[in-house]
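One-letter residues, chain by chain:
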Amino acid sequence: MLLAAWEAAWGQLRYSVPEEMPKGSFVGDVAKDLGLQLSALSDRGFRLIERGRTQYFSLQGKSGRLVTAERIDREQLCERVQQCVLRCELIVEGEMKFYEIEVEITDINDNAPRFREAEIELKMSEMTDPGARFPLPDAHDGDWGRNSLQSYELSGDEHFSLAVQTGPGGDQRPELVLAKALDREEAAFHELVLRAMDGGDPARTGTARIRVKVLDANDNAPVFSQAEYTVRVPEDVPVGSVLVTVTAADADEGVNGQVKYSFKKITEKAAQIFQLESDTGAISLLQSLDFEGDHSYELEVQAHDGGGLFDTAQLTIIVTDVNDNAPEISVRSALNEISEDAPMGTVVALLHVQDRDSGPNGAVGCSLDGDIPFRLEKSFDDYYRIVTARELDRERVSEYNVTVRAADGGSPALQSSAVLALRVLDVNDNAPVFAEERYSARLAENNAAGALVLTVRATDADWGQNARVRYRLSEGRVRGAPLSSYVSVQAETGALYALRSLDYEQVRELRLWVRAEDGGAPALSSNVSVLLLVVDENDNAPQVLYPPPAALPGSGSGVAWSGVELAPRWSEAGALVAKVVAVDADAGQNAWLSYELAKATEPGLFRVGLHSGEVRTARSPLARDAARHSLVVVVKDHGRPALSATATLQVVLAESVAELLAELGSAADEAAAPGEPAVSLTRWLVLAVAAVSCLFVAFLLLLLALRLRRWRRQQLLPPDSGALRGVPVSHFVGIDGVRAFLQSYSHDVSLTADSRKSQLRFSAGGSCCDTLPARPLPDEPAPLLGDEDPAGALLSDPAAPSVSCSFSICSRTLSPALLFLCHVLWLA
């Protein structure tokens with residue numbers, strides 16, 4: 001029991017079963033003895049492999065029992081072997097383990113002793129002395145032990161008796177002993193029965209009939225040249241070759257001297273391999289020898305003459321090994337697939353390598369071909385394991401053909417090989433990789449919704465589901481709206497589409513991230529930035545900011561750009577009259593604006609700056625030039641096709657306020673709609689002037705009241721001494737604290753509608769009232785409204801139109817504050 005437990009622990013089992021058991025007979029409970037679970041055997045799979053060509057056992061998967069698969073004949077399997085053992089191996093596929101099983105085939109008494117010849121004829125001379133011994137053929141019993149041949153019996157005649165000798169190998173050799181002298185004249189023939197019995201229960205017997213022929217006197221028996229013959233024969237000797245020739249000599253003459261040869265003792269198997277020529281004693285080969293089958297043969301040859309005398313000799317034929325068997329590689333268990341993340345040392349295949357030759361011819365060495373991530377390890381006896389030697393990478397090599405090569409030690413060496421196909425299974429160890437580090441595309445504005453922008457592409461080095469890439473947008477917002485409302489990406493192809501028509505003036509670029517994600521578990525992903533540039537198109541016409549728009553005459557919907565500008569008649573060439581200000585919502589070349597004068601009342605009087613839009617006098621106005629001029633300025637961009645807008649300017653040349661008002665009234669009458677009387681506009685102008693006059697009178701009364709109040713205070717308090725800053729005291733005259741200018745001043749005013757800078761300059765000139773004599777002009781006084789140079793009276797802001805006028809006011813009796821208020825009212 002301890003021995004059985006030790007063998008089971010080391011994966012070895014030993015059973016015993018008698019021969020000739022019917023198919024399906026129980027041998028042993030392998031699963032129980034090895035401690036294997038039946039479910040594990042069913043799930044992982046198993047194989048039972050025997051080393052012979054015939055499968056004698058099978059393993060029941062449901063019960064785990066070992067049963068016979070064929071009827072087993074011990075005598076056929078193990079001839080002349082005392083212990084007959086069959087070996088098989090159990091391979092558990094999933095575990096890459098093997099268990100060795102030995103089954104001893106015990107003998108039963110199923111064979112009776114049998115003589116090679118059922119009838120034997122012996123020849124004896126009547127002169128033979130009593131006590132002479134004659135060898136008899138042996139009986140053969142295929143059984144072993146007690147069931148083998150045990151004894152012989154002789155019956156039939158009193159002249160003979162039986163003697164049994166024990167040979168060198170313990171075998172029994174029957175001999176016929178002459179107990180009583182022969183007399184040919186009394187009996188020429190003697191009939192005997194030789195019976196062989198085994199030790200079985202019940203015992204089996206075999207018989208041979210012996211006929212003894214009594215001859216006349218024969219003095220000399222044949223004699224072999226050697227008592228024992230030994231010959232060594234290579235196993236590859238050709239069929240028909242003569243292996244050895246035995247010779248025997250007989251001193252008699254005639255028939256008594258003629259020697260014949262025969263096998264006295266030979267097995268059935270040897271009788272099919274060797275042939276003895278009866279006349280010459282030559283032993284030849286009938287079948288090929290096989291060292292791996294039988295190493296040697298022991299035969300007994302008999303030579304007899306015509307007189308019945310004989311001699312025997314022992315013949316031993318030794319078969320020598322020849323390297324005629326290449327190593328045999330048997331794949332006991334192997335994987336077809338292996339994961340690329342399998343750890344080092346993972347068993348891939350279990351191999352059995354053997355060479356049926358012996359000695360150096362049977363010594364086998366194994367190796368693997370090529371530089372592959374596997375190595376060969378010897379496991380047990382003739383078993384080898386193929387294990388992983390380093391990490392696998394399916395992306396570099398997806399399939400291996402592992403070649404195992406075995407070579408023996410013969411000369412020349414014989415080789416054999418086996419190829420194992422192993423596919424590496426993918427593991428999601430590679431994230432998608434985009435074809436470019438970043439993507440950019442240009443899309444013209446006003447695109448159609450659903451237009452294809454570009455296609456991003458990412459590849460995954462993995463395989464199958466792990467390499468299936470899907471795309472999606474990362475979250476983001478554009479102008480407060482979700483990014484997904486502007487663009488979308490097709491999940492399968494990576495095509496990026498614009499979901500809405502884009503406007504360059506609102507969105508000039510879109511920056512977004514596209515994520516590529518594979519189908520592994522867990523999934524791996526990578527991101528790439530995409531820059532979408534919106535390309536401007538010339539879809540916006542220039543927009544005129546100044547002059548402001550006015551309703552088109554006779555139309556309720558159209559808008560024209562018009563304005564009224566004032567210019568003094570004494571303007572010099574190059575004087576700024578107005579500035580057309582326009583912008584274009586487009587960009588680049590589409591927003592480059594140019595100005596040109598398309599139409600003018602007096603073509604040579606005004607000109608327009610090509611890029612500035614400034615309207616200047618081309619020459620000084622002449623007296624013959626009309627007071628009112630209409631200028632049509634065309635503003636064009638540089639797009640293709642170019643878009644344009646027009647601005648109409650009304651320029652009035654005037655020297656005085658009265659002339660200016662008259663021209664404005666005339667212009668208003670002409671601009672009135674058809675059917676509307678011109679008096680209406682005049683009425684409104686008169687009302688406006690009357691309203692301004694009323695305001696002026698009210699202001700004078702208020703100012704007078706303030707002066708009277710101040711005068712009363714000055715009567716009560718000492719008068720202040722002071723003068724208007726920048727004007728000498730000698731230029732004033734006053735009574736009771738009220739002062740007035742003695743000098744008449746000419747005021748040049750430059751005003752703009754939108755500019756923060758206006759100029760009011762005092763210049764010496766002729767007096768409009770000469771009641772007081774003029775004094776020498778003082779130094780240049782400081783400006784009342786600023787410190788800028790008079791040249792600064794020009795527009796500082798090119799975007800604002802200018803109004804230039806020139807007037808003179810008699811200011812002898814007006815205070816500076818009142819004079820300033822008059823200017824303000826004039827501006828209003």
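1. Comments concerning the overall build of the protein
A count of helical and extended segments in the protein gives eight helices and 59 strands. Classification of the 828 residues of the protein by burial places 39% in the buried group. Looking at the protein as shown, the accessible area adds up to about 45200 Å², and 52% of this sits on carbon and sulfur atoms.

2. Thoughts on the packing of aromatic side chains
Tallied over the full model, the rule gives seven aromatic pairs. Consider the rings of Phe115 and Tyr152, whose centres lie 6.3 Å apart with planes at 50 degrees: the pair is tilted. With Phe115 in strand S8 (residues 114-115) and Tyr152 in strand S12 (residues 149-155), the pair connects residues that are 37 residues apart, well separated along the chain. Each member of the pair, Phe115 together with Tyr152, is buried. Considering the side-chain rings of Phe274 and Tyr297, the 5.1 Å spacing of their centres and the 75 degrees angle between planes classify their relative orientation as edge-to-face. Here Tyr297 lies in strand S24 (residues 296-304) and Phe274 lies in strand S22 (residues 274-276), a separation of 23 residues in the sequence.

3. Observations regarding the nonpolar core
Core analysis: the biggest nonpolar cluster contains 31 residues, and Tyr471, Val514 and Val530 have the highest contact counts within it. Those elements that provide at least two residues to this core are strand S35 (438-444), strand S36 (451-455), strand S38 (470-473), strand S41 (487-489), strand S42 (495-498), strand S43 (509-517) and strand S44 (525-535).

4. Observations regarding the environment of Glu102
Topologically, Glu102 is positioned in strand S7 (residues 97-106). A C-alpha to C-alpha distance of 8.3 Å links Glu102 and Ser16, two positions 86 residues apart in sequence. Ignoring anything within four residues of it in the chain, the contact list for Glu102 reads Leu13, Arg14, Tyr15, Val85, Leu86 and Arg87. Within the local environment of Glu102, its side chain forms a polar contact with the side chain of Arg14, the two groups lying 2.4 Å apart. Side-chain polar atoms of Glu102 contact the side chain of Arg87, separated by 3.2 Å.

5. A word on the state of the cysteines
The tally for this structure, following the rule as stated, stands at one disulfide. The side chain of Cys78 participates in a disulfide bridge whose partner is Cys84; the two sulfur atoms lie 1.9 Å from each other. Between Cys78 and Cys84, the S-S torsion sits near 55 degrees, and that sign places the bridge as right-handed. The same class applies to Cys78 as to Cys84, namely buried.

6. A closer look at the confidence of the model for the protein
Regions with low pLDDT carry predicted coordinates that are not meant to be interpreted in detail. Confidence along the protein averages 80 in pLDDT terms, with 79% of residues attaining 70 or more. The model gives residues 552-560 a pLDDT under 50, and that stretch makes nine contacts with residues more than four places away or in other chains. With pLDDT under 50 throughout, residues 731-747 is counted as low confidence; its partners more than four residues away or in other chains account for 61 contacts.

7. Considerations on the side chain of His352
Mapped onto the elements of the fold, His352 is located in strand S28 (residues 347-354). In this structure the side chain of His352 is engaged in a polar contact, spanning 3.4 Å, whose partner is the side chain of Arg332. Among all residues touching His352, those that are not within four sequence positions of it are Arg51, Glu89, Glu328, Ile329, Ser330, Arg332, Asp382 and Tyr383.

8. Concerning the pairing of S24
Of the pairings in the sheet, the one linking strand S21 (residues 260-265) to S24 comprises five bridges and is antiparallel in character. The partner of Lys260 across the bridge, within S24, is His304. With nine bridges connecting them, S24 and strand S25 (residues 310-320) associate as antiparallel partners. Residue pairing across strands places Ala303 opposite Asp311, the latter belonging to S25. What sits between S24 and S25 in their antiparallel hairpin is a turn of five residues, with Gly308 showing a positive phi close to 95 degrees.

9. Notes on the side chain of Thr128
Tracing the backbone shows Thr128 in the loop between strand S9 (119-125) and strand S10 (133-135). Looking at Thr128, its side chain comes within polar contact range of the main-chain oxygen of Ser125, at 2.8 Å. With sequence-adjacent residues up to four places away left out, Thr128 is seen in contact with Phe134 and Leu178.

10. Some details on unusual backbone geometry
For the bond from Asp201 to Pro202, the omega torsion is 0 degrees, close enough to zero to count as cis. If you trace the backbone, Pro202 turns up in the loop between strand S15 (189-198) and strand S16 (205-215). The linkage connecting Tyr546 with the following residue, Pro547, adopts the cis geometry, with an omega of 5 degrees. Structurally, Pro547 is set in the loop between strand S45 (543-546) and strand S46 (549-551). The phi dihedral of Asn446 falls on the positive side, at around 60 degrees, and the residue is not glycine. Note that Asn446 resides in the loop between S35 and S36. Judged by relative accessible area, Asn446 falls into the partly exposed class, the value being 40%.

11. Overview of the sheet that holds strand S13 (residues 160-166)
Overall, antiparallel pairing links the three strands, which are arranged S10-S14-S13 in an open sheet. The open sheet terminates on both sides in strands that have one partner only, identified here as S10 and S13. Ignoring strand direction, the axes of neighbouring strands in this sheet form an average angle of 35 degrees.

12. Regarding the pattern of salt bridges
Tallied over the entire structure, the rule returns 29 salt bridges. The partner of Arg394 in a salt bridge is Glu395, and the shortest N-O contact between them spans 3.6 Å. Taking relative accessible area as the criterion, Arg394 reaches 11% and is therefore assigned buried. A salt bridge links Arg619 to Glu602, with the shortest nitrogen-to-oxygen separation between them at 3.9 Å. Here the residue Arg619 occupies a position in the loop between strand S52 (614-617) and strand S53 (628-636), and Glu602 occupies one in the loop between strand S50 (594-600) and strand S51 (606-608), the gap between them amounting to 17 residues. Linked by salt bridges that have partners in common, Asp138, Asp171, Arg173 and Lys265 make up one network.

13. Observations concerning the sheet that holds S16
Sheet strands associate in pairs through backbone hydrogen bonding, adopting either a parallel or an antiparallel arrangement. Pairing within the open sheet is mixed, and its four strands lie in the order S9-S16-S15-S12. Two strands bound the open sheet, and with one partner strand each, they are S9 and S12. Between one strand axis and the next, the sheet turns by 25 degrees as a mean value, whatever way the strands run. Strand direction decides the pairing type here: S15 and S16, joined by nine bridges, are antiparallel. Bridged to Met197 within S16 is Thr205.

14. Side note on the pairing of strand S18 (residues 228-234)
Residues Tyr229, Val231 and Val233 line the buried face of S18, whereas the alternating positions Glu228, Thr230, Arg232 and Pro234 sit on a face that is not buried. Here seven bridges tie S18 to S25, and the two strands are oriented parallel to one another. Following the sheet pairing, Thr230 is matched in S25 by Thr316.

15. Focus: the environment of Leu286
Along the chain, Leu286 turns up in the loop between strand S23 (282-285) and S24. With 14 residues separating them in the primary sequence, Leu286 and Gln272 have C-alpha atoms 6.8 Å apart.

16. Structural notes on the environment of Arg385
By the secondary structure assignment, Arg385 is in strand S31 (residues 383-388). Once the C-alpha coordinates of Arg385 and Arg375 are considered, the two residues, 10 residues apart in sequence, prove to be 8.3 Å apart. Apart from residues no more than four positions distant in its own chain, Arg385 is found in contact with Val347, Ala349, Leu350, Arg375, Leu376, Glu377 and Ser379.

What counts, and at which threshold
Residues numbered from 1 in each chain as written. Predicted model: local features only at pLDDT ≥ 70, side-chain atom pairs only at ≥ 80, totals over all residues. Heavy atoms only, no water. Helix = DSSP H or I, 4+ residues; strand = E, 2+ residues; numbered from the N terminus. Buried < 20%, exposed > 50% of the residue type's maximum accessible area, 1.4 Å probe, protein only. Areas by Shrake-Rupley, 256 points an atom, 1.4 Å probe, with all protein chains shown as cover. Phe/Tyr/Trp six-rings, centres within 6.5 Å; stacked < 30°, edge-to-face > 60°. Core = buried A, V, L, I, M, F, W, Y, C linked by side-chain atoms within 4.5 Å. Contact = heavy atoms within 4.5 Å. Polar contact = N/O pair within 3.5 Å; in protein donor to acceptor, adjacent residues only side chain to side chain. Disulfide = S-S within 2.5 Å. pLDDT = per-residue confidence, 0-100. Pairing = 2+ DSSP bridges. Axes fitted to C-alpha atoms, helices over the stretch in contact; angles between N-to-C directions. Salt bridge = Lys/Arg side-chain N within 4 Å of Asp/Glu carboxyl O.

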